[in-house]
Amino acid sequence: MVPPKARDSDAPDCVDLGSARDLRGRTNEIWVRRGFVALLAVVPVLALLNIFGQRASDSDAHSPAATLTVHAPESVRGGLMFEARFTIVAQQAIKKAVLELSPQWANGMTINTVEPAPSEETSQNGWMSLELGPVSPGERFVLHLQYQVNPVTTGGRDLHVKLLDDTTLLATVNRHMRVWP
């Protein structure tokens, strides 16, 4: 048995069935709601397209003495854990390989692990200096830094890396990283 259609007199007090049930005079509201739901769906789609980061890219610097490659994301989000990988390939002997990282490599980000551990870590004018030891010609040395982006960190930052043989500059890599909220 089909229930009888409700009449306006059957409505609870102060409820206009034409507006509440039949959406009379409110036909555009449904499209506004659907638009908001569609906007919510845009964020995951943009994340899948790597707009908000995590996919890493390479930046290289070449010199007659060595090649320095930095493999790290160009965009990250607050709370994200990621790895930056620094690869040194020596064309000639490096007696005392030193990586210097600009202050922005640490500001607003927590360094969880450095592998292999540098023989010495120092800081000068905010730059982190990691002494890696000797690298023979043709040898490949890879340094891994695992990071976590502090949740309140946002904005762009210029990241610089210098490869030195003790105090002699061999190569420099400059990158830019965007930190999304």
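Residues numbered from 1 in each chain as written. Predicted model: local features only at pLDDT ≥ 70, side-chain atom pairs only at ≥ 80, totals over all residues. Heavy atoms only, no water.

1. With respect to the nonpolar core
F86, I88, L99, W105, L143, V161 and L163 are the most contacted members of the largest nonpolar core, which has 37 residues in total. For this core, the secondary-structure elements that each account for two or more residues are strand 2 (66-73), strand 4 (81-90), strand 5 (94-101), strand 6 (109-115), strand 8 (127-135), strand 9 (140-149), strand 10 (155-165) and strand 11 (168-180). Excluding residues that lie within four positions of it along the chain, L163 makes contacts with A66, L68, I88, A97, V98, L99, T168, L169, L170 and A171. (Core = buried A, V, L, I, M, F, W, Y, C linked by side-chain atoms within 4.5 Å. Buried < 20%, exposed > 50% of the residue type's maximum accessible area, 1.4 Å probe, protein only. Helix = DSSP H or I, 4+ residues; strand = E, 2+ residues; numbered from the N terminus. Contact = heavy atoms within 4.5 Å.)

2. Regarding the pattern of salt bridges
Under the criterion given, the structure shown has 3 salt bridges. Two residues, E83 and R85, come together in a salt bridge whose shortest N-O distance is 3.8 Å. Three or more residues joined by partner-sharing salt bridges are found here, namely K96, E131 and D166. (Salt bridge = Lys/Arg side-chain N within 4 Å of Asp/Glu carboxyl O.)

3. Points about the packing of aromatic side chains
Inspection of the entire model under this criterion finds 3 aromatic pairs. Between F82 and Y147 the ring centres are 5.1 Å apart and the planes differ by 15°, which places this aromatic pair in the stacked class. One end of the pair, F82, is in strand 4; the other, Y147, is in strand 9, and 65 residues separate them in sequence. Assigned by exposure class, F82 and Y147 land together as buried. Note that R34 overlies the ring of W31, its terminal NZ or CZ placed 4.6 Å from the centroid. Of note, R178 hangs over the ring of W180, and the distance from its end group to the ring centre comes to 4.8 Å. (Phe/Tyr/Trp six-rings, centres within 6.5 Å; stacked < 30°, edge-to-face > 60°. Lys NZ or Arg CZ within 6 Å of the ring centre and 35° of its normal.)

4. Topic: a nonpolar patch on the surface
A grouping of V32, F36, L39 and V42 is seen on the molecular surface, where their side chains present a nonpolar patch of about 390 Å² in accessible area. With respect to the helices and strands, the residue F36 is situated in helix 2 (residues 29-48). Accessibility expressed as a relative area gives 55% for F36, which makes it exposed. (Patch = residues over 30% accessible without salt bridge, like charges linked within 9 Å, V, L, I, M, F, W, Y side chains within 5 Å. Areas by Shrake-Rupley, 256 points an atom, 1.4 Å probe, with all protein chains shown as cover.)

5. Comments concerning unusual backbone geometry
Between E115 and the following residue, P116, the backbone shows a cis peptide bond with an omega angle of -15°. For P116, the location among the structural elements is in the loop between strand 6 and strand 7 (120-124). Even without glycine at this site, N125 takes up a positive phi of about 55°. Although it is not a glycine, D166 adopts a positive phi angle of roughly 60°. As for its placement among the helices and strands, D166 is situated in the loop between strand 10 and strand 11.

6. A word on the pairing of strand 1 (residues 56-62)
Side chains S57, S59 and A61 of strand 1 all project onto a buried face; the interleaved residues A56, D58, D60 and H62 project onto a face where none is buried. Looking at chain direction, strand 1 and strand 2 are connected through 7 bridges and run antiparallel. Opposite D58, over in strand 2, you have H71 as the bridge partner. Between strand 1 and strand 2, which pair antiparallel and follow one another directly, the connecting turn spans 3 residues. (Pairing = 2+ DSSP bridges.)

7. Points about the sheet that holds strand 4
Backbone hydrogen bonds are what pair the strands of a sheet, in a parallel or an antiparallel way. With respect to topology, 5 strands assemble into an open sheet ordered 1-2-4-9-6, the strand pairing being antiparallel. The open sheet has two free edges, formed respectively by strand 1 and strand 6, since each of these has just one partner strand. Taken over all neighbouring pairs, the strand axes of this sheet differ in orientation by 20° on average, direction set aside. Sheet analysis places strand 2 next to strand 4, joined by 6 bridges and oriented antiparallel. Paired with A66 across the bridge in strand 4 is A90. (Axes fitted to C-alpha atoms, helices over the stretch in contact; angles between N-to-C directions.)

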